[in-house]
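Listed below are the residues making up each chain.
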Amino acid sequence: MEPNNQHLVEETELVQEEAAQTSSLPPMGFEVIRREFKRDKIAMAALIILVAILVFIFIAPFFMDIEEATKVNIFNRFTPPGQDGYLLGSDEGGRDILAQLIVGARNSIIIGWSVTMITSAIGIAIGIFSGYHGGLIDDITMRIIDFIMVLPTFIIIIVITTIITKYDMWTLIWVISLFGWASVTRLFRTATLSEASKEYVSASKTMGTSDWKIMFGEVMPNLSSLIIAHLTLGFAGSIGIETGLSFLGFGLPIGTPSLGTLIGTAKSADIIENKTWVWLPAVILVLILMLTINYIGQALRRAADSRQRLG
C-alpha cells in the first residue's frame, strides 16, 4: 500500500474511533433532563400543562382589566357561568370568578415559590454547614432546630397574622418562612453527614481545599437530587400552606384574592351544593398544580440521580 493511502486509512480509522467514543459518552446536563422527560410521557404532559398555566396566569392580566373585573357589583351576584359576560360566573359580590382565579393563582404561586426559595436557601446553607463541621456547631444548631420543630408553627403563624394589623403579601411570605427553614436544615444536615464521611471530602481536605469550597462546590452538587426533590415538594407544600391559611381567613389581607380565599367562599350548604362555580375552579386548579409539580419533580429527581451515577 502506498504511504499516502496508508496515511489516509489511518486518519479515517482515527476519526471513526473518536466518533464512536463520542457517541458512547453518557449524556450530561440538560441532555439528561431532556431524555428523562422524553421517556416519561406523564411528566412531559405535566410540564406542558404547568407552563401553559403559568404563562396564562402571568400574561392574562396584561390583556384584562383586572381592577374592573374584581370590582363589587351586587346586581350581578351569583351569576351562573356563561351569562352576562361572566365566563366562569360571579361570586356573592358580583365579582368575576375568572379574574379572581387568575389574580388568586398568581398570588398563591408567587407566595409559594418565594417561601420555598427563602426557606431552601437558609435551610440548605445551615444544614450543609452544620453537617460538615459537626461537633459543637452541629449540637447547637440541632438544639435550635429541635426547639423550633416542636412549636405549633401553624397556630403561631395565625397568631402573628392576627396581631399584625397591616400586612401585605411579603409580610405573609416572611412570616411563613420564619419557621419553614428548620425542617429543611434537618434534612440537609443528615445528608451532609453522610457525604462528609466520603473519600472525596477527605482528599479535598488533604489537598488544602477551603472548607467553603468543599461544602458548596463539592458536597452541595452531590446533593442535587435531594435539592430538586425538596424544591419541588416544598413548592407544592408552600402553596398548600398559603391556601390553608387563606381558607381559614388568616392568609392574605381581606380583598386580596388567592386560591385559598376562593375555596373559602364555600361556607354554606347552598353555595357548596348549588353554586359550585364559585369555589370549584379554584379546587381544580390547586389539584392540577399539585399533580403537575409532583410529576415534574419526580422526573427531575430521576435525571439528577442518573447524572450523579454517571458522574
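A few points on the structure. (Residues numbered from 1 in each chain as written. Predicted model: local features only at pLDDT ≥ 70, side-chain atom pairs only at ≥ 80, totals over all residues. Heavy atoms only, no water.)

Here's the deal with the environment of methionine 215
Along the chain, the position of methionine 215 falls in helix α10 (residues 211-219). The spacing of methionine 215 and alanine 125 is 90 residues in sequence and 9.1 Å in space, taken between C-alpha atoms. Leaving out residues up to four positions away in the same chain, methionine 215 has contacts with Ile128, Phe129, Tyr132, His133 and Met220. (Helix = DSSP H or I, 4+ residues; strand = E, 2+ residues; numbered from the N terminus. Contact = heavy atoms within 4.5 Å.)

Comments concerning the packing of helix α5 (residues 97-133) against helix α6 (residues 135-149)
The N-to-C vectors of α5 and α6 enclose an angle of 140°; their axes lie 7 Å apart at closest approach. Comparing their axes, α6 and α5 come out oblique. For the pair α5 and α6, the crossing hand works out as left-handed. Packed against α5, whose contacting residues are Ile126, Phe129, Ser130, Gly131 and His133, the element α6 presents Gly135, Ile137, Asp138 and Thr141 at the interface. Taken together, the residues of the contact of α5 with α6 break down into three nonpolar, five polar and one charged. (Axes fitted to C-alpha atoms, helices over the stretch in contact; angles between N-to-C directions. Parallel < 35°, antiparallel > 145°, perpendicular 65-115°, else oblique. Left-handed = near helix turned anticlockwise from the far one by under 90°. Nonpolar A, V, L, I, M, F, W, Y, C, P; charged D, E, K, R; others polar.)

A few points about the packing of aromatic side chains
The full count for this structure, using the stated rule, is three aromatic pairs. Aromatic pair tryptophan 113 and phenylalanine 235: ring centres 5.3 Å apart, planes at 85°, arrangement edge-to-face. Here tryptophan 113, found in helix α5, pairs with phenylalanine 235, found in helix α11 (residues 224-248); they are 122 residues apart in sequence, far enough to count as distant. Assessed through its relative accessible area of 41%, tryptophan 113 is described here as partly exposed. Accessibility expressed as a relative area gives 12% for phenylalanine 235, which makes it buried. (Phe/Tyr/Trp six-rings, centres within 6.5 Å; stacked < 30°, edge-to-face > 60°. Buried < 20%, exposed > 50% of the residue type's maximum accessible area, 1.4 Å probe, protein only.)

Here we look at the side chain of aspartate 40
Checked against the element boundaries, aspartate 40 lands in the loop between α2 (30-39) and α3 (41-59). Among the polar contacts made by the side chain of aspartate 40, one reaches the side chain of arginine 302 at a distance of 2.4 Å. (Polar contact = N/O pair within 3.5 Å; in protein donor to acceptor, adjacent residues only side chain to side chain.)

A word on the side chain of asparagine 107
Of note, asparagine 107 is situated in helix α5. Note on asparagine 107: relative accessible area 7%, which makes it buried. Sequence-distant contacts of asparagine 107, defined by excluding residues within four places in its chain, comprise Met169, Leu252, Thr256 and Pro257.

With respect to the pattern of salt bridges
A full pass over the atoms with the stated rule returns 10 salt bridges. Its salt-bridge partner being arginine 77, residue glutamate 92 comes within 3.7 Å of it at the nearest N-O pair. With glutamate 92 in the loop between α4 (66-69) and α5 and arginine 77 in the loop between α4 and α5, the pair connects residues that are 15 residues apart, well separated along the chain. You can call arginine 77 partly exposed: its relative accessible area is 42%. The partner of arginine 143 in a salt bridge is aspartate 146, with the nearest N and O atoms 2.9 Å apart. Taken together, the positions of arginine 143 and aspartate 146, both in helix α6 and three residues apart, correspond to about one turn of that helix. When salt bridges with common partners are traced through the structure, they connect Glu36, Arg39, Asp40 and Arg302 into a single cluster. (Salt bridge = Lys/Arg side-chain N within 4 Å of Asp/Glu carboxyl O.)

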